Amino acid sequence: MTAAVVIEHLQKRYGENPAVQDISFIVERGEIFGLLGPNGAGKTTTIRCLCTLAKPDSGRVEVCGISAIQQPKQVRRRLGYVAQEVALDKVLTGRELLRLQAALYHIPRAIAQDRIQELLTALNLTDYADQKTGTYSGGIRRRLDLAAGLLHQPDLLVLDEPTVGLDIESRFVVWEFLRQLKAAGTTVLLTSHYLEEVDALADRLAIIDGGRVIAEGTPSQLKDQVGGDRITLRLREFTPEEEAQKAQHSLNALPFVETVIVNTAQGNSLNLVVQRGSNALPQIQETLTSIGLPIFSLAQARPSLDDVYLAATGRTLMDAELAAASTRDLKKEQKQAMKTT
Amino acid sequence: MSPSISPTTLAPKVSSTPEPGALAEFTQETIALTQRLFIQLQRRPSTLVAGVIQPMMWLILFGALFTNAPQSLFGPDVHYGQFLAPGVIVFTAFSGALNAGLPVMFDREFGFLNRLLVAPLASRYSIVAASTIYIITLAFIQTVVIIGASAALGAGLPGVVGLGAIALIVLLIVLGVTALSLGLAFALPGHIELIAVIFVTNLPLLFASTALAPLSFMAPWLRWLAALNPLTYAIEPIRYIYFNAQWSLTSPVMAAPWGDLNFGVMLAVLLAFDVVVLLMIQPLLRRRFG
């Protein structure tokens, strides 16, 4: 069976802005694939090319072996799209919107009726179905949009930032639903700039930055590539700087310790990278006791996707996010989003 | 959220049901999109209410403007109210049609259009068709109200064939202008620009037509302009129907600066206007619709 999504050397520029420089990845059938990257990295443009809303300048874009460039209508049939900004007609009720959506996918009326009811039940929307969508909260809107994307039982569900702006509870509801969807056999492609979202959901992921894929693999593969475990150490709740530096000096001398950083932003806590599998914690405790320093907290963890991102780009996702926020022209981006070619 | 979801609901469709014909698909999506517009109208009727009140104001206020004008000024045995009614019918239909692009533009701006564009529509012209059906229905409702009100104000009531001809003329002018507005809705960057275009088109086209005054009143240059204005080609035949119980396709309807034009020619010009507009917006729509 062909892969659910094949994207190869995708390029797309809007005027002077090279939104996507060179993106390639493959999504296998039945997996949840995450596209991770800061805002402005090219995720949404990639998705727009995949969903036939934008024509790539060059490259290959295929859904289930069908070219999105040559046979857009065939691709549209197989794909459900849940956009970043949920656009609901606020005058319609949820049920009316789903009926409209069903007609746009040419589902026969009687079948549509049943399927709408099933999806409303599955997404716990029955109570809201006959209210106008203008009265919905963010979580309900998102769930309705999920239902709309699934009405025609697509092979592939594409979600652009599915939980952005949602409260934690709604976010977990969406996550749980996506897992069930995967269990039922649907392929899911989602973009996110939340590390924990991709970490929690994705079987595999690609990290995108500056319009290029900079890393690809399963979350644990990527974490392994970064290597080492992370240890966070606090001597006191608020550690004096001299004490932290003294500890840094001593810990640096340990053979299994790769780096030690004093994190001044977090009350002079110490961030260590140590070799994987080393029995680090007892030896750190021993070292600190021997030089007479207390321990407030000490925790060891596998590297996070943030560490993967940091290793690949030299900056944390948060930094990238902040940098992007200051240079973004939201008005211009909205104009771009309105363009369909 | 209930944890018990039947896997069959969520599972991707493996076997595809036999595809209905493209025409059946086009019909289904057009009906659904039209339905949406009418649900909007039903829940937010202010557009229609204003669209009915406005021509009433034209009839009453403008009608009163020339109450004391000499009776023979607009034609034998014609008072200004009678003269005005056809102008108001056409101008009202025209304004409504000119605004047809606005909902589409807002759908573009709010991202709702993307929902339509990622769907496997048989043809994206169903979006255009739905808007056109909606606008034509509105124009007919307005026309009926104006004809009724004008009759009550003493303008008389054309016969059944005359009413049919009026319907056809309204249809022709609405079709062309709606297409123009929809083309602009896809071509212009945003609603601000679209509203600006509507604003500079609407009233000038009214004053450069025979809606409010006959050609013979106008400065020679304006007479030329009015005789080239599509609105005039809709107004004059309707006016002829209002003024003459007997009319045919060969009736001389308008004395243009270059010669007399009969009823049939006027209709042909309106039809040609529609064809030209539809051809003009083709490239715009094709660029958007791929």
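Residues numbered from 1 in each chain as written. Chains lettered and ligands numbered in written order. Predicted model: local features only at pLDDT ≥ 70, side-chain atom pairs only at ≥ 80, totals over all residues. Heavy atoms only, no water.

Visitor: Please set out the packing of helix α4 (residues 80-98) of chain B against helix α11 (residues 230-243) of chain B residue by residue, giving values where relevant.
Guide: Residue and element names in this part refer to chain B. It is at 9 Å that the axes of α4 and α11 come closest, and there the two elements cross at 140 degrees. α4 and α11 meet at a crossing whose hand is right-handed. Counting all contacts with α4, which are made through Gln82, Phe83, Pro86, Gly87, Ile89, Val90 and Phe94, the residues of α11 involved are Leu231, Ala234, Ile235, Ile238, Arg239, Tyr242 and Phe243. For the contact of α4 with α11, the residue count by class is eleven nonpolar, two polar and one charged. (Axes fitted to C-alpha atoms, helices over the stretch in contact; angles between N-to-C directions. Helix = DSSP H or I, 4+ residues; strand = E, 2+ residues; numbered from the N terminus. Left-handed = near helix turned anticlockwise from the far one by under 90°. Contact = heavy atoms within 4.5 Å. Nonpolar A, V, L, I, M, F, W, Y, C, P; charged D, E, K, R; others polar.)

Visitor: Let's hear about the state of the cysteines: which residues, and what values?
Guide: All names here are of chain A. A full pass over the atoms with the stated rule returns zero disulfides over all chains. A disulfide-free cysteine, Cys49 has its sulfur positioned 9.6 Å from the sulfur of Cys51, the nearest such atom. Under the relative-accessibility criterion, Cys49 is labelled buried at 2%. (Disulfide = S-S within 2.5 Å. Buried < 20%, exposed > 50% of the residue type's maximum accessible area, 1.4 Å probe, protein only.)

Visitor: Outline the interface of chain A and chain B, listing residues and values.
Guide: Tallying the contact residues gives 54 residues for chain A and 44 residues for chain B. In total, chain A and chain B occlude about 4400 Å² of area from one another, counting both sides; carbon and sulfur atoms represent 58% of this. Across the chain A-chain B interface, the total number found is eleven residue pairs in polar contact (both at pLDDT 80 or more). Of all elements in the fold, only α2 (72-78), α3 (94-104), α4 (109-122), α5 (138-150), α6 (168-183) and α13 (330-338) of chain A reach the threshold of two or more residues within the side of chain A that touches chain B. Of all the elements, α3 of chain A adds the most residues to the side of chain A that touches chain B, at six residues. A per-class count over the side of chain A that touches chain B returns 25 nonpolar, 14 polar and 15 charged. (Buried area = accessible area lost by both parts, 1.4 Å probe. Polar contact = N/O pair within 3.5 Å; in protein donor to acceptor, adjacent residues only side chain to side chain.)

Visitor: Now, about the environment of Arg108 of chain B: what can you tell me, with residues and values included?
Guide: Residues and elements named next belong to chain B. Examined against the element boundaries, Arg108 turns out to sit in helix α5 (residues 101-110). Looking at Arg108, the relative accessible area reads 7%, which means it is buried. Between the C-alpha atoms of Arg108 and Gly190, which are 82 residues apart in sequence, the distance is 8.5 Å. Polar contacts involving the side chain of Arg108 include one to the main-chain carbonyl oxygen of Leu188, which spans 2.9 Å.

Visitor: How would you summarise the pairing of strand β12 (residues 257-263) of chain A if you had to cite specific residues and measurements?
Guide: Regular strands place their side chains on alternate faces of the sheet. Residues and elements named next belong to chain A. Bridging between β12 and strand β13 (residues 269-274) involves six bridges; their strand directions are antiparallel. Within β13, the position partnered with Val260 by the bridge is Leu272. Counted along the chain from β12 to the antiparallel partner β13, the turn is five residues long, and its residue Gly267 has a positive phi close to 60 degrees. (Pairing = 2+ DSSP bridges.)

Visitor: Residue-level account of the domain arrangement of chain A, with values.
Guide: By the assigned domains, chain A splits into domain 1 (5-223) and domain 2 (228-302). Between the C-alpha centres of domain 1 of chain A and domain 2 of chain A the distance comes to 42 Å. (Domains from an automatic or database assignment.)

Visitor: Help me get a handle on the packing of aromatic side chains, residues and values and all.
Guide: Residue and element names in this part refer to chain B. Applying the stated criterion across every chain yields a total of eleven aromatic pairs over all chains. The interplanar angle of 85 degrees and the centroid separation of 5.4 Å between the aromatic rings of Trp58 and Phe91 together place this pair among those described as edge-to-face. Of the two residues, Trp58 is situated in helix α3 (residues 46-65) and Phe91 in helix α4; the sequence distance between them amounts to 33 residues. The same class applies to Trp58 as to Phe91, namely buried. Measuring from centroid to centroid gives 4.9 Å for Trp247 and Phe263, while their planes differ by 20 degrees, and the two rings are stacked. (Phe/Tyr/Trp six-rings, centres within 6.5 Å; stacked < 30°, edge-to-face > 60°.)

Visitor: Requested: an account of the environment of Arg36 of chain B, with residues and values cited.
Guide: By the secondary structure assignment, Arg36 of chain B is in helix α2 (residues 22-43). Sequence separation between Arg36 of chain B and Gly81 of chain B is 45 residues, and the spatial gap between their C-alpha atoms is 38 Å. When residues no more than four places from it in sequence are discounted, the contact partners of Arg36 of chain B are Asp89, Leu92 and Leu100 of chain A together with Asp107 and Phe112 of chain B.

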